[in-house]
Amino acid sequence: MSLATEAFMSQIAAAEPWPENATLYQPLREDQILLSDCASSLAVQAFLRMCGLPVQVVCRANAEYMSPSGKIPFIHVGNQVVSELGPIVQFTKAKGHSLSAGLDDVQRAEMKAYMELVNNMLLTAELYVQWCDDATATEISRPRYSSPYSWPLNNILAFQKQWEVRRKMNAIGWGGKTLEKVYEDVSQCFQALSQRLGTQTYFFAKQPTELDALVFGHLFTILTTRLTNNELAERIKSYSNLLSFCRRIEQTYFEGKHS
Amino acid sequence: MGTVHARSLDPLPMHGPELGVQADDIESAHIEPEPNQEVLENKDVVVQRVHIDGLGRTKEDLLTYEIADVFRAKNLIDVMRKSHAARQKLLRLGIFRKVEVVIDTSRGADALPNGLDVTFEVTELRRLTGSYSTMVGNNEGSMVMGLKLPNVFGRAEKLTCQFSYGTKETSYGVSFFKPQPGNFERNLTFNAYKVTGQFPWSSLRETDRGISAELSFPLWKTSQTLKWEGVWRELGCLARTASFAIREESGHSLKSSLSHSMSIDTRNSSILPRKGGLLKIHQELAGYTGGDASFLKEDFEIQLNKSLFWDSVLSASLWGGLLLPIGERATSIADRFYLGGPTSIRGFSMYSMGPQSEGDYLGGEAYWAGGLHLYTPLPFRPGKGGFGDLFRTHFFLNAGNLCNLNYGEGPQAHLKKLAECIRWSYGLGVLLRLGNIARLELNYCIPMGVQSGDRICDGVQFGAGIRFL
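Scoring rules and cut-offs
Residues numbered from 1 in each chain as written. Chains lettered and ligands numbered in written order. Predicted model: local features only at pLDDT ≥ 70, side-chain atom pairs only at ≥ 80, totals over all residues. Heavy atoms only, no water. Pairing = 2+ DSSP bridges. Helix = DSSP H or I, 4+ residues; strand = E, 2+ residues; numbered from the N terminus. Contact = heavy atoms within 4.5 Å. Buried area = accessible area lost by both parts, 1.4 Å probe. Polar contact = N/O pair within 3.5 Å; in protein donor to acceptor, adjacent residues only side chain to side chain. Nonpolar A, V, L, I, M, F, W, Y, C, P; charged D, E, K, R; others polar. Domains from an automatic or database assignment. Axes fitted to C-alpha atoms, helices over the stretch in contact; angles between N-to-C directions. Phe/Tyr/Trp six-rings, centres within 6.5 Å; stacked < 30°, edge-to-face > 60°. Buried < 20%, exposed > 50% of the residue type's maximum accessible area, 1.4 Å probe, protein only. UniProt positions renumbered as here; feature names shortened; annotations may be inferred. Core = buried A, V, L, I, M, F, W, Y, C linked by side-chain atoms within 4.5 Å. Salt bridge = Lys/Arg side-chain N within 4 Å of Asp/Glu carboxyl O. pLDDT = per-residue confidence, 0-100. Disulfide = S-S within 2.5 Å.

Trainee: So what exactly am I meant to see when it comes to the pairing of strand β9 (residues 204-219) of chain B here?
Mentor: Along a regular strand, successive side chains alternate from one face of the sheet to the other. All names here are of chain B. Sheet analysis places strand β8 (residues 183-199) next to β9, joined by 13 bridges and oriented antiparallel. Following the sheet pairing, Asn 191 is matched in β9 by Ser 212. Counting the residues between successive antiparallel strands, the hairpin from β8 to β9 contains four residues, one of them, Ser 203, with a positive phi of roughly 50 degrees. Counted along the chain from β9 to the antiparallel partner strand β10 (residues 222-237), the turn is two residues long, and its residue Trp 220 has a positive phi close to 55 degrees.

Trainee: Looking at this structure, how should I read the interface of chain B and chain A?
Mentor: When the parts of a complex come together, some accessible area is lost, and that lost area is often used as the size of the interface. Counting residues at the interface gives 14 residues for chain B, matched by 21 residues for chain A. For the pair chain B and chain A, the summed buried area comes to about 1,500 Å², and 62% of that belongs to carbon and sulfur atoms. Put simply, chain B and chain A have six residue pairs in polar contact (both at pLDDT 80 or more) between them. Looking at the side of chain B that touches chain A, the elements with two or more residues in it are α3 (244-249) and β11 (251-265) of chain B. Taken together, the residues of the side of chain B that touches chain A sort by class into three nonpolar, six polar and five charged.

Trainee: Can you walk me through the domain arrangement of chain A in this structure?
Mentor: All names here are of chain A. The domain boundaries assigned to chain A delineate domain 1 (3-94) and domain 2 (105-253). The C-alpha-based centres of domain 1 and domain 2 are spaced at 20 Å. Counting residues at the interface gives 22 residues for domain 1 and 30 residues for domain 2. Interface area for domain 1 against domain 2, summed over the two sides, is near 2,200 Å², with a carbon-plus-sulfur share of 67%.

Trainee: Mind showing me how you'd approach the side chain of Ser315(B) here?
Mentor: All names here are of chain B. Position of Ser 315 among the secondary structure elements: in strand β14 (residues 313-325). Among the polar contacts made by the side chain of Ser 315, one reaches the side chain of Asn 305 at a distance of 3.1 Å. Aside from chain neighbours lying at most four places away, what touches Ser 315 is Gln 303, Leu 304, Asn 305, Gly 371, Leu 372, His 373 and Tyr 375.

Trainee: What's the story with the sheet that holds strand β1 (residues 46-53) of chain B in this structure? I'm lost.
Mentor: Each strand in a sheet pairs with another by means of backbone hydrogen bonds, the pair being arranged parallel or else antiparallel. Residue and element names in this part refer to chain B. On the basis of which strands lie adjacent, the open sheet formed by three strands has the order β1-β3-β2 and mixed pairing. Two strands close off the open sheet at either side, each with one partner strand: β1 and β2 (96-105). Strand-to-strand, the axes of this sheet are offset by a mean angle of 15 degrees, without reference to chain direction. Across seven bridges, β1 lies against strand β3 (residues 115-124) in parallel orientation. Within β3, the position partnered with Val 50 by the bridge is Val 118. The sheet contacts of helix α2 (residues 76-92) involve β1, β2 and β3, and relative to β2 the element is tilted by about 165 degrees.

Trainee: Help me understand the packing of aromatic side chains, please; the structure alone is not making it clear to me.
Mentor: The geometry of an aromatic ring pair comes down to the distance between the two centres and the angle between the two planes. Residue and element names in this part refer to chain A. Under the defined criterion, the tally for this structure stands at 18 aromatic pairs over all chains. An angle of 10 degrees between the planes, with centres 5.0 Å apart, marks the rings of Tyr 25 and Phe 74 as stacked. Residue Tyr 25 is located in strand β1 (residues 23-26), and its partner Phe 74 is located in strand β3 (residues 74-77); the two are separated by 49 residues in the primary sequence. The class of Tyr 25 is buried, set by a relative accessible area of 6%.

Trainee: Help me out: how do you make sense of the UniProt feature "domain: POTRA" (unreviewed entry) in chain B in this one?
Mentor: Under the feature "domain: POTRA" (unreviewed entry), the UniProt entry names residues 45-125 of chain B. Secondary structure across residues 45-125 of chain B divides into 31% helix and 35% strand, with the first and last C-alpha atoms of the span separated by 33 Å.

Trainee: I'm lost on the nonpolar core in this one. Help?
Mentor: Where a protein is soluble and globular, its nonpolar side chains tend to be buried together. Counting 76 residues, the largest nonpolar core has Ile75(A), Phe190(A), Phe216(A) and Phe245(A) as the members making the most contacts within it. Residues from two domains meet in this core; each of domain 1 (3-94) and domain 2 (105-253) of chain A gives at least three. Beyond its immediate chain neighbours, meaning those up to four positions away, Phe216(A) contacts Leu42(A), Ala46(A), Thr221(A), Phe245(A), Cys246(A), Ile249(A), Glu250(A) and Phe254(A). Listed in part, the 28 residues of the second largest apolar core include Leu76(B), Leu90(B), Leu116(B) and Val118(B).

Trainee: Where do I start with the pattern of salt bridges in this structure?
Mentor: In this structure the tally under the stated criterion is 30 salt bridges over all chains. Of the charged contacts, one joins Arg196(A) and Glu110(A) as a salt bridge, the two residues approaching to 2.6 Å between their closest N and O atoms. One end of the pair, Arg196(A), is in helix α8 (residues 179-197); the other, Glu110(A), is in helix α5 (residues 105-132), and 86 residues separate them in sequence. A relative accessible area of 18% places Arg196(A) in the buried class. Between Arg233(B) and Asp335(B) there is a salt bridge, and its shortest N-O distance comes to 2.5 Å. Residue Arg233(B) is located in strand β10, and its partner Asp335(B) is located in the loop between β14 and β15 (356-357); the two are separated by 102 residues in the primary sequence. Asp335(B) matches Arg233(B) in its accessibility class, with the two residues each being buried.

Trainee: I tried to follow the confidence of the model for chain B on my own but got confused; where do I start?
Mentor: A low pLDDT score tells you not to read the predicted coordinates there in detail. Residues and elements named next belong to chain B. Across chain B, pLDDT averages 84, with 90% of residues at or above 70. Predicted confidence is poor over residues 1-35, with pLDDT under 50, and the contacts of this stretch with residues over four places away or in other chains come to 58 contacts. Interface confidence for the predicted complex, expressed as ipTM, amounts to 0.85; the pTM equals 0.81.

Trainee: Teacher, can you tell me more about the sheet that holds β3(A) here?
Mentor: Residues and elements named next belong to chain A. With mixed pairing, the four strands of this open sheet are ordered in space as β2-β1-β3-β4. Edge strands, defined here as strands with exactly one partner in the open sheet, are β2 (56-59) and β4 (80-83). Averaged over all adjacent pairs, the angle separating strand axes in this sheet is 25 degrees, with direction ignored. Pairing between β3 and β4: four bridges, direction antiparallel. When the bridges of β4 are listed, Phe 74 appears paired with Ser 83. Those strands touched by helix α4 (residues 85-94) are β3 and β4, and its axis lies near 135 degrees from that of β4.

Trainee: Help me understand the UniProt feature "domain: Metaxin glutathione S-transferase" (unreviewed entry) in chain A, please; the structure alone is not making it clear to me.
Mentor: Here the UniProt feature "domain: Metaxin glutathione S-transferase" (unreviewed entry) sits at residues 187-249 of chain A. End-to-end, the C-alpha atoms of residues 187-249 of chain A are 22 Å apart, and along that stretch the chain is 68% helix and 0% strand.

Trainee: Whenever I open this one, the side chain of Glu126(A) confuses me. Can you help?
Mentor: Within the secondary structure, Glu126(A) is located in helix α5. Aside from chain neighbours lying at most four places away, what touches Glu126(A) is Leu35(A), Ser36(A), Ala39(A), His218(A) and Ile222(A).

Trainee: Would you mind showing me how to read the domain arrangement of chain B here?
Mentor: Residue and element names in this part refer to chain B. If you check the domain split of chain B, you get domain 1 (46-124) and domain 2 (180-465). Between the C-alpha centres of domain 1 and domain 2 the distance comes to 45 Å. Both sides of the domain 1 and domain 2 interface together cover about 430 Å² of buried area, and 66% of this is carbon and sulfur. Looking only at domain 1, the three residues that lose the most surface to domain 2 are Tyr 65, Arg 92 and Leu 93, adding up to 73% of its buried area.

Trainee: Would you explain the state of the cysteines in this entry?
Mentor: Defined simply, a disulfide is a covalent bond joining two cysteines at their sulfur atoms. Counting across every chain of the model gives zero disulfides over all chains. With no disulfide of its own, Cys38(A) has Cys59(A) as its nearest cysteine by sulfur position, at a separation of 9.6 Å. The thiol sulfur of Cys237(B) is not disulfide-bonded, and the nearest other cysteine sulfur, from Cys59(A), lies at 20 Å.

Listed below in structure tokens is the structure:
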């Protein structure tokens, strides 16, 4: 299929309404998924719930390899496959569902800046803690990541992943950072988010946006995931407005509806 | 006392490019009886010594097995016959470029009057040889670069490294071959490889990295192979537009399997045989030695050839296979069977029949395919006795089926399923033999019994390959 027809097909598909059988794929919830993937997956789930779009969550051991970009999570809607929050937001927008439509240009720019902050700081810090902190990598990340595979493939894949993440960290200049410095950076990020949120219900007044979904995904996952030490979670707990923000989104969008 | 100089008993061709040996200008033994010569022909002789000249790195103990028979010869004809047989055995080891035999009367203090000395003059192959070739596989061409270290440790071991850069795949491999001394057919092979393949009919890309150990031995008239193989398989989509069924198969898996194969081949040639038959049975059990793929796979191939009038040959073949998953896990797309294309059921596109999803073929768990061919020389036989003999015309009739089986229905239902919706095709074409390994075909095909979803190639179809139905 040529690029032009592909683009045409995706436009046709975008014009179709959201189907009932939309599916979100992520790694196995109990044994396999890691903090960073869980956070990204939860952010997309929160976003879709905020949009009121039904999606069924399916756990697959090979979700990472099924994803067209190699990243978690991805959604299968009709015959379209879209991965990661950014493209999914674009995709739902094309179908007429948008959370940030009411924002003006300045607010939208601000929202994008904060989303970049979360992706560059929180997501990177999560990856750093998972794969570059030896205790976490040995006790949690490698065994969990490789749990669906049999020996010796499990070791090969886990080390391959670790090597890949470490190379990325070196490329963006995080390779030389100490764990303490990463915690410091994360605290600053929390502080910036806490200040922006202030006493509002959501980051942009009364209506949730994709930024709220993204922040919720990461904060909630950090708070509820057990790591070798609870330093990341402890640092959030000093910002009470972030805690109540998480609880609010959880109650509004996940409780009740889930059961 | 004269000298009997026998280079060889009869002009046998030294075939096999493996050996790298050109057929010597073999003279038939000529013995000119002169009046003062003692005619040894019918007299008892004793082979006193066997020399091997020209050995470098080859260990002598290996060769003693090959030449031991020469000592048992009782008369001159026997000596010559056994020396010739020993020469053949030495050449087959694939470690000598040239072997010559000189038979002489014994000399020295302990020489018996009827004693003979046999001397093998050998030239070893170089320690390291490189090769460069192009290869034609199933609808694919590739450039192959190889390094060969024959006789690495002096006992006919062979180390081969191969790098192949192809139109569709790039792969490399290292293989170590070790025959049992004195029993060349019984041998061990170790392999380590990486193979990447693209399968556009399934929108699938597969990268295999594996190691294997293989034991081959002859048993009665068959040749048997036992093999263990551990393969790390990485599957991925060839394009973003791949169907979701292919996407679901993506990822890594580890297959550890034990397999056994048996073959009896009485054909006179593997490409365009004139007579003889072939029976091949292959079975593979995966999952019991580790890994996460578990299945039992059975596969067979039968071919019978019969010469008819006017140099024409009638050939019938039948293939079949069954893949049984063991346990809960469904079979992987990488293990299933594919059918269709110019090398199996002609008139259909390559591997484009049977179960499919959005135009991507998923393969089946059971298949059968049969073919009936009538090969004849070219009409009016142009180039007879030369180039023209590489060509044949053929008329063919192919049929087969590929499907998934719902286990639990029982064998009756399975057979019924394989017997309904049979795909078949007929036609005629010209084929060209390439060496003794591959053939090219240009056919006009008429596909029949086409089921919805099958991709056909109505009319002219070109095929190249090494294994044909």
